[in-house]
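# Results of the structural survey
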Amino acid sequence: MRLFTSTALSTACLLLEATNVFANQALSKRSSLLPTDSTFISNVLTKVNAIRKQYAAANLTWDATLASAARVKANGCKLNHTGPYRENVYWWWYVPPTAVPNFTTKVVNAFDAWCSTTEINAYKAGDLYGGGRFTQTVWKSTKKIGCAFSTNRCTQNPNQEWWFYCDFSPPGNYAGYYAGNVTTVPFETLRVVFQALRIRIY
Ligand SMILES: *[C@@H]1O[C@H](CO)[C@@H](O)[C@H](O)[C@H]1NC(C)=O
Ligand SMILES: *[C@@H]1O[C@H](CO)[C@@H](O)[C@H](O)[C@H]1NC(C)=O
Ligand SMILES: *[C@@H]1O[C@H](CO)[C@@H](O)[C@H](O)[C@H]1NC(C)=O
Ligand SMILES: *[C@@H]1O[C@H](CO)[C@@H](O)[C@H](O)[C@H]1NC(C)=O
């Protein structure tokens, strides 16, 4: 049975107050980094692969099709888990909404939120739903990733949020396969414990 754990975020209720035509016009007024931008791709891969290394998972590679799908979803300006991929979603807003994001920082913020201590502890406590963004990020049999920011802040929504989607393939978070796909004790923790032992013994 497949678990769409990231729907945990669907408690957010966003009101779409404009037609799609209006939304698209608004979106073109300001631009985020394109999902084809090499700096953006490198930022994502550096961050996600550093996290995966900590949890004994091999590198992901970039996939333009996933990135295009992520862009469509991000520009939808809401949670949208339809389609064949697994997605992690992150969104934020500013007061006032006209602030310009630092997209380099936002990539890091998103992955740090998805792999926060809260997420990891939820997973360790058996809450597959609460830890779903972490487990998808480090899922060993997932090979490819593609991410995108919304083109602009979502002016049709009350908070005028920015949205960031990462789509993963093959998808993770399959019930019954967590133990083989998710390593919960980071190597860094093991190293520190090992060093502590050495200091004590020698
Ligand atoms: C894994 O990915 C990181 C960041 O993208 C890269 O620096 C590193 O060389 C990659 N390692 C392998 C074994 O491909
Ligand atoms: C939701 O995602 C699907 C792709 O799976 C896309 O076709 C659709 O336009 C999206 N809806 C919104 C509101 O973004
Ligand atoms: C964005 O943040 C990065 C690091 O988080 C920093 O190196 C860079 O200077 C910032 N860019 C701007 C335009 O502030
Ligand atoms: C990892 O999960 C995939 C499904 O996403 C499954 O097919 C595979 O057998 C799992 N690997 C292990 C070692 O459990």
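Throughout this description, residue numbers start from 1 for each chain and increase along the sequence as written. Starting at A for chains and at 1 for ligands, labels are handed out in the order in which the entities are written. Given that the model is predicted, a residue must reach a pLDDT of at least 70 before its local features are reported, and side-chain atom pairs must reach 80 or more before they are shown or counted; all residues, however, enter totals for whole chains, interfaces and linings.

The chain goes by CAP domain-containing protein in an unreviewed UniProt entry, where it is assigned to Podospora appendiculata.

## Some thoughts on the overall build of the chain
In DSSP terms, a helix is any run of H or I states spanning at least four residues, a strand is any run of E spanning at least two, and both are numbered starting from the N terminus. Within the chain one finds eight helices and four strands. What you see in the chain, going N to C, is helices and strands ordered as α-α-β-α-β-α-α-α-β-β-α-α. Exposure in this text rests on C-beta crowding, where 20 or more other C-beta atoms within 10 Å of a residue's own make it buried, 12 or fewer make it exposed, and counts in between make it partly exposed. The C-beta atoms are placed from the backbone. By residue count, 34% of the 202 residues in the chain fall in the buried class. When contacts within the chain are restricted to residue pairs at least 6 apart in sequence, those whose partners lie at least 24 apart make up 79%. This entry defines residue contacts through backbone-placed C-beta atoms, with two residues in contact when those atoms are within 7 Å.

## Side note on the nonpolar core
Note on terminology: a nonpolar core is any set of buried Ala, Val, Leu, Ile, Met, Phe, Trp, Tyr and Cys residues joined through C-beta atoms within 7 Å. With 38 residues, the main nonpolar core has Ala70, Ile145, Cys147, Trp163, Phe164 and Tyr165 as its most contacted residues. The set of elements that each furnish at least two residues to this core consists of helix 2 (38–54), helix 3 (64–75), strand 2 (86–92), helix 4 (103–114), helix 5 (117–124), helix 6 (132–138), strand 3 (144–149) and strand 4 (162–169). Looking at which element gives the most residues to this core, the answer is strand 4, with six residues.

## As for helix 2
In this analysis, the expected span of each helix is defined as 1.5 Å times one less than the number of residues it contains. Taking 1.5 Å of rise per residue, 17 residues should cover 24 Å, and helix 2 covers 24 Å from first to last C-alpha, within 8% of that figure. Looking only at helix 2, the buried set comprises Phe40, Asn43, Val44, Lys47, Val48 and Arg52. For helix 2, the buried positions fall inside an angular range of 150 degrees around the axis, keeping them on one side. What points out from helix 2, more than 90 degrees from its buried face, is the exposed set Ser38, Thr39, Ser42, Thr46 and Ala50. Looking at the buried side of helix 2, the elements it contacts are helix 4, helix 6 and strand 3. At the C-terminal side of helix 2, Ala56 shows a positive phi close to 60 degrees. The arc in question is traced by the directions running from the helix axis to the C-beta atoms.

## Points about the sheet that holds strand 3
In this scheme, strands are said to pair when DSSP sees at least two bridges between them. With mixed pairing, the four strands of this open sheet are ordered in space as 1-3-4-2. The sheet is open, and its two edges are formed by strand 1 (61–62) and strand 2, each paired on a single side. Relative to strand 3, helix 3 is tilted by about 35 degrees, and along the sheet it contacts strand 2, strand 3 and strand 4. A fitted line through C-alpha atoms serves as each axis, taken over the contacting stretch for helices, and the angle formed by two N-to-C directions is quoted from 0 to 180°. Across the face of the sheet, helix 4 comes into contact with strand 2, strand 3 and strand 4 while running at roughly 120 degrees to strand 2.

## Some details on the site of ligand 4
Close to ligand 4 lie Ser141, Gly172, Tyr174, Tyr177, Gly180 and Asn181. Grouping the constituent residues of the shell around ligand 4 by class yields two nonpolar, four polar and no charged. In this analysis, residues qualify as near a molecule or strand once their C-beta atom, positioned from backbone atoms, comes within 6 Å of it. Ten residue types, Ala, Val, Leu, Ile, Met, Phe, Trp, Tyr, Cys and Pro, are classed as nonpolar, four, Asp, Glu, Lys and Arg, as charged, and the remainder, Gly among them, as polar.

## Regarding the pairing of strand 4
Across the eight residues of strand 4, seven count as buried, placing the element largely inside the fold. In terms of strand pairing, strand 2 meets strand 4 through seven bridges, oriented antiparallel. Directly across from Asn88, in strand 4, lies its bridge partner Cys166.

## Some thoughts on the packing of helix 2 against helix 4
At their nearest, the axes of helix 2 and helix 4 sit 10 Å apart, and the two run at 25 degrees to each other. Relative to helix 4, the element helix 2 is oriented roughly parallel. Read as a crossing pair, helix 2 and helix 4 show a hand that is right-handed. On helix 4, the residues touching Phe40, Asn43, Val44, Lys47, Val48 and Ile51 of helix 2 are Phe103, Thr104, Val107, Val108 and Phe111. Split by residue class, the contact of helix 2 with helix 4 holds eight nonpolar, two polar and one charged. Here the angle decides the label: under 35 degrees means roughly parallel, over 145 means roughly antiparallel, 65 to 115 means roughly perpendicular, and every other value means oblique. Left-handed is the label given to a crossing in which the near helix is rotated counterclockwise from the far helix by less than a right angle, and right-handed is the label when the rotation is clockwise.

## Observations regarding helix 5
Three or more residues of helix 5 are buried, namely Glu119, Ala122 and Tyr123. Viewed along the axis of helix 5, the buried residues span an arc of 95 degrees, placing them on a single side of the element. Pointing more than 90 degrees away from the buried face of helix 5 are the exposed residues Thr117 and Thr118. Residues of helix 5 that are buried sit in contact with helix 4 and helix 6.

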